[in-house]
Amino acid sequence: MFTLRAFRTAMRTARPAMGMCAVAPAAARPIHSTPMRRSTKSENDGPDTADPEHPETAGSFARTDATVTVEYPEDHELPSSAPVEGAGRAGVQVYPTLATFSLQGKVGVVTGGARGLGLVMGQGMVVSGADLAIVDLNKEEGIKQAENIIETFKADNPNAKKLPKVTAHYADVGDPESVDACIAEIIKEHGKIDNLVTSAGFTENFEATKYPIDRMRKLWAVNVDGTYLFATAVARHLMERESKGSMVFIGSMSGSIVNVPQPQAAKAAVRHLAASLAVEWAHAGIRVNCISPGYMLTALTQKILDDNPDLKEKWTSLIPQGKMGAPEDLMGPVTFLLSNASDYVTGADLRVDGGYTVT
Ligand SMILES: NC(=O)c1ccc[n+]([C@@H]2O[C@H](COP(=O)([O-])OP(=O)(O)OC[C@H]3O[C@@H](n4cnc5c(N)ncnc54)[C@H](O)[C@@H]3O)[C@@H](O)[C@H]2O)c1
């Protein structure tokens, strides 16, 4: 049978050779549906090669590459991000859209909101009518970006009668005491919380057998514990208020597929946590969804690409849309999932990946 996986492998094999992997032109074989020949080797004969005619390329597009190792950079190594200009579409005639897409009157929290995807999603929430609390380890950057968001909003909406309230707060999302103190501070300043986006997180690339355990624990603490701690703190607040709410966890396409060639620790826990909490909190009117971005061009991914120049070609060759995503590509999806327009959507995983995970 010609399975989807066989098709994907065949497509990869048929792609032109790229810088990173030494692929012989002979790899451009036609796709056919003949079942793979069974090896006649015994189990004791050692590792087998799926395609003995092309042992140098067999499986090479579908495997991780141990030479790609990226440690999460120090804060000062990453430049500050700029808010998106023109998101309010100044000077452009915008026709009314569904009122249910509006976040008017809502207070949103975005963790990891001082930079990268979190910053742009937070700005999208503000443009859609919400007040915003930016939460980050780097409070100084959060304060600067809160001011930037308001200034950009003013420039984009010169006739706005009311300006959004945007505040910045410190938290280490993996530390329960820090999270509780931060939530209390936000409620004191904004009066309530309706929406949460958990974007604080990071990725490193190590071979599993060589991943330092302290770094692995840190990865888990920020990505998984951090999501869980913020979500449960906001859920407690919503339940006390007997109020509906919506949360979006930022996972990754690596939560459902295995990226290549870089080895990558999983976001699968974040994706399934969203599903699990969606069921547990449905009775309280709290919706929980996940957004799984594909390769998005942020300062962080730019740094990874700078360290591994051949990687971009490899990545984009595997994306049906043929390009990496821009952080702005998440503004609409996050607004949709936080707003009443998605009132019957909970426990979903919305992949924003240019089609990567469907091939
Ligand atoms: N950029 C991509 O291509 C991509 C793809 C898929 C998923 N993601 C996920 O999206 C999220 C955002 O990624 P990004 O590219 O914007 O990263 P980024 O490094 O640009 O931004 C992350 C922000 O989180 C903050 N942060 C880190 N640890 C924290 C902690 N313990 N407490 C509070 N804040 C903390 C950082 O200070 C930073 O401002 C991450 O969860 C990442 O795994 C990114």
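Everything below is about the structure printed above this text.
Residues numbered from 1 in each chain as written. Predicted model: local features only at pLDDT ≥ 70, side-chain atom pairs only at ≥ 80, totals over all residues.

Caption draft 1: Local environment of the sheet that holds strand S4 (residues 195-198). Strand order in the open sheet formed by seven strands is S3-S2-S1-S4-S5-S6-S7, with parallel pairing between adjacent strands. Strands at the two margins of the open sheet, each flanked by one partner only, are strand S3 (166-170) and strand S7 (349-352). Each neighbouring strand pair of the sheet contributes to a mean axis angle of 20°, computed without reference to strand direction. Across four bridges, the pairing between strand S1 (residues 107-111) and S4 is parallel. If you follow Thr111 over to S4, its bridge partner there is Thr198. Packing against the sheet, helix H4 (residues 176-190) makes contact with S1, strand S2 (131-136) and S3, and its axis sits at approximately 160° to S3. The sheet strands contacting helix H6 (residues 268-281) are strand S5 (245-250), strand S6 (286-293) and S7, and the helix crosses S6 at an angle near 165°. (Pairing = 2+ DSSP bridges. Helix = DSSP H or I, 4+ residues; strand = E, 2+ residues; numbered from the N terminus. Axes fitted to C-alpha atoms, helices over the stretch in contact; angles between N-to-C directions. Contact = placed C-beta atoms within 7 Å.)

Caption draft 2: Region of the structure containing the packing of helix H2 (residues 116-127) against helix H3 (residues 139-156). The interhelical angle for the contact between H2 and H3, taken along N-to-C directions, is 45°, at an axis separation of 11 Å. Judged by the angle between their axes, H2 and H3 are oblique. As H2 packs across H3, the resulting crossing turns out to be right-handed. Between H2, through Leu119, Gly122, Gln123 and Val126, and H3, the contact on the second element is made entirely by Gln145, Ile149 and Phe153. In the contact of H2 with H3, the residues fall into four nonpolar, three polar and no charged. (Parallel < 35°, antiparallel > 145°, perpendicular 65-115°, else oblique. Left-handed = near helix turned anticlockwise from the far one by under 90°. Nonpolar A, V, L, I, M, F, W, Y, C, P; charged D, E, K, R; others polar.)

Caption draft 3: How the structure looks around H3. Relative to the 26 Å expected for 18 residues at 1.5 Å per residue, H3 spans 25 Å between its end C-alpha atoms, a close match to the ideal helical length. Of the positions making up H3, those classed as buried are Glu141, Gly142, Gln145, Ala146, Ile149 and Thr152. Viewed along the axis of H3, the buried residues span an arc of 140°, placing them on a single side of the element. Those residues of H3 that are exposed and angled more than 90 degrees off the buried face are Glu140 and Glu151. (Expected span 1.5 Å × (residues − 1). Buried ≥ 20, exposed ≤ 12 C-beta atoms within 10 Å, placed from the backbone. Arc of directions from axis to C-beta.)

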